Amino acid sequence: MQRTALIFVCLFVAVSAHAATLKMPAAPVIELELGDGEIPRPLSVGLFVPDDVKNEIFVVKTSPFDRIKYPIGGYTVDVFATNLPQVFSKVTDVGGPKAAEVDLVIEVDIVRFEATIPSPASHPYTSTAVYKITVRNSRGVPLLVQTVTGDGQTSEGMLSGFKAKRLAAESAARAMAEAAKQALEALADAPELEEVRKP
């Protein structure tokens, strides 16, 4: 009897701990609405995403026993690494807020992320992403700080569990890409960066 109870408890814990990590789509090349200035700007940029942000996971509880994990940190890195070269002539990864080898360091932080799994499941899936972008010169002195918000929504929901995960990932990706789009367009036109040169 005790052995049966123990097996039941172990099974319950295993089930209750189940969490599915979403497979995110590839980061898109975002269509930017840019001004008439020189683009890409003739500046070298280091992309800095702190480790805690890179590894950030957002979890939504979908039932007493199931959770969905959104790998928002990794996707954030991908979307900025893919699209910063549209705005700046050279982009590399750097390990901190200052780097002598570049003109600018752009730090990306996730301020907030929200996602809604609809009920009923046939309704659209929605997500919101908020980024804080800090631009510093090579010595680490802040030049510009901005906060941007992006919303993502699917056109409809789906009752199938497999497609539900795809739609959840799609709405999250749209939100993060929209927030990144706003940040990149602002960086392309930012007058604070006009006179930046490598010291």
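Residues numbered from 1 in each chain as written. Predicted model: local features only at pLDDT ≥ 70, side-chain atom pairs only at ≥ 80, totals over all residues. Heavy atoms only, no water.

Chemist: Help me understand the overall build of the protein in this model?
Modeler: Helix and strand counts for the protein come out as 4 helices and 8 strands. Secondary structure elements in the protein, listed N-terminal to C-terminal, are α-β-β-α-β-β-α-β-β-β-β-α. When each of the 199 residues of the protein is scored for burial, the buried share is 43%. Pairs at least 24 apart in sequence give 72% of the contacts found in the protein among residues at least 6 apart. (Helix = DSSP H or I, 4+ residues; strand = E, 2+ residues; numbered from the N terminus. Buried < 20%, exposed > 50% of the residue type's maximum accessible area, 1.4 Å probe, protein only. Contact = heavy atoms within 4.5 Å.)

Chemist: I tried to follow the packing of aromatic side chains on my own but got confused; where do I start?
Modeler: For any pair of aromatic rings, the description consists of the separation of the ring centres together with the inter-plane angle of the planes. On inspection of all chains with the given rule, the structure shows 4 aromatic pairs. Each ring, one from Tyr-70 and one from Phe-113, has its centre 5.7 Å from the other, and the planes form 55 degrees; the classification is tilted. Of this pair, Tyr-70 sits in strand S4 (residues 66–70) while Phe-113 sits in strand S6 (residues 104–116); the two residues are 43 residues apart in sequence, bridging distant segments of the chain. Each member of the pair, Tyr-70 as well as Phe-113, carries the same accessibility label: buried. Arranged with centres 5.4 Å apart and planes meeting at 75 degrees, the rings of Phe-80 and Tyr-131 form a pair that is edge-to-face. Separated by 51 residues along the polypeptide, Phe-80 in helix H3 (residues 72–83) and Tyr-131 in strand S7 (residues 126–137) bring together distant segments of the chain. Neither Phe-80 nor Tyr-131 differs from the other in exposure class; each is buried. By way of ring pairs, the aromatic residues Phe-58, Tyr-70 and Phe-113 are connected into one cluster. (Phe/Tyr/Trp six-rings, centres within 6.5 Å; stacked < 30°, edge-to-face > 60°.)

Chemist: Just to check I follow, could you spell out the nonpolar core for this structure?
Modeler: Generally speaking, soluble globular proteins have nonpolar side chains that are buried together. Judged by nonpolar contacts, the single largest core of 52 residues is most densely connected at Tyr-70, Phe-80, Phe-88, Ile-106, Tyr-131, Met-176 and Leu-187. Looking at which element gives the most residues to this core, the answer is helix H4 (residues 161–189), with 15 residues. Apart from the residues within four sequence positions on either side, Phe-80 is in contact with Leu-47, Pro-85, Val-108, Tyr-131, Ile-133, Ala-180 and Ala-183. Phe-48, Val-94, Val-102 and Val-105 belong to the second largest nonpolar core, which has 5 residues in total. (Core = buried A, V, L, I, M, F, W, Y, C linked by side-chain atoms within 4.5 Å.)

Chemist: Help me understand the sheet that holds strand S5 (residues 88–93) in this model?
Modeler: Hydrogen bonds between backbone groups are what pair the strands of a sheet, and the pairing can be parallel or antiparallel. Strands sit in the order S5-S2-S6-S7-S8 across an open sheet of 5 strands; the sheet is mixed. The open sheet terminates on both sides in strands that have one partner only, identified here as S5 and strand S8 (142–153). The average angle at which neighbouring strand axes cross in this sheet is 25 degrees, direction not considered. Alignment of strand S2 (residues 41–48) against S5, held across 5 bridges, turns out to be parallel. Pairing of Gly-46 across the sheet is with Thr-92, part of S5. Packed onto the sheet, H3 meets S2, S6 and S7 and runs at close to 135 degrees relative to S6. (Pairing = 2+ DSSP bridges. Axes fitted to C-alpha atoms, helices over the stretch in contact; angles between N-to-C directions.)

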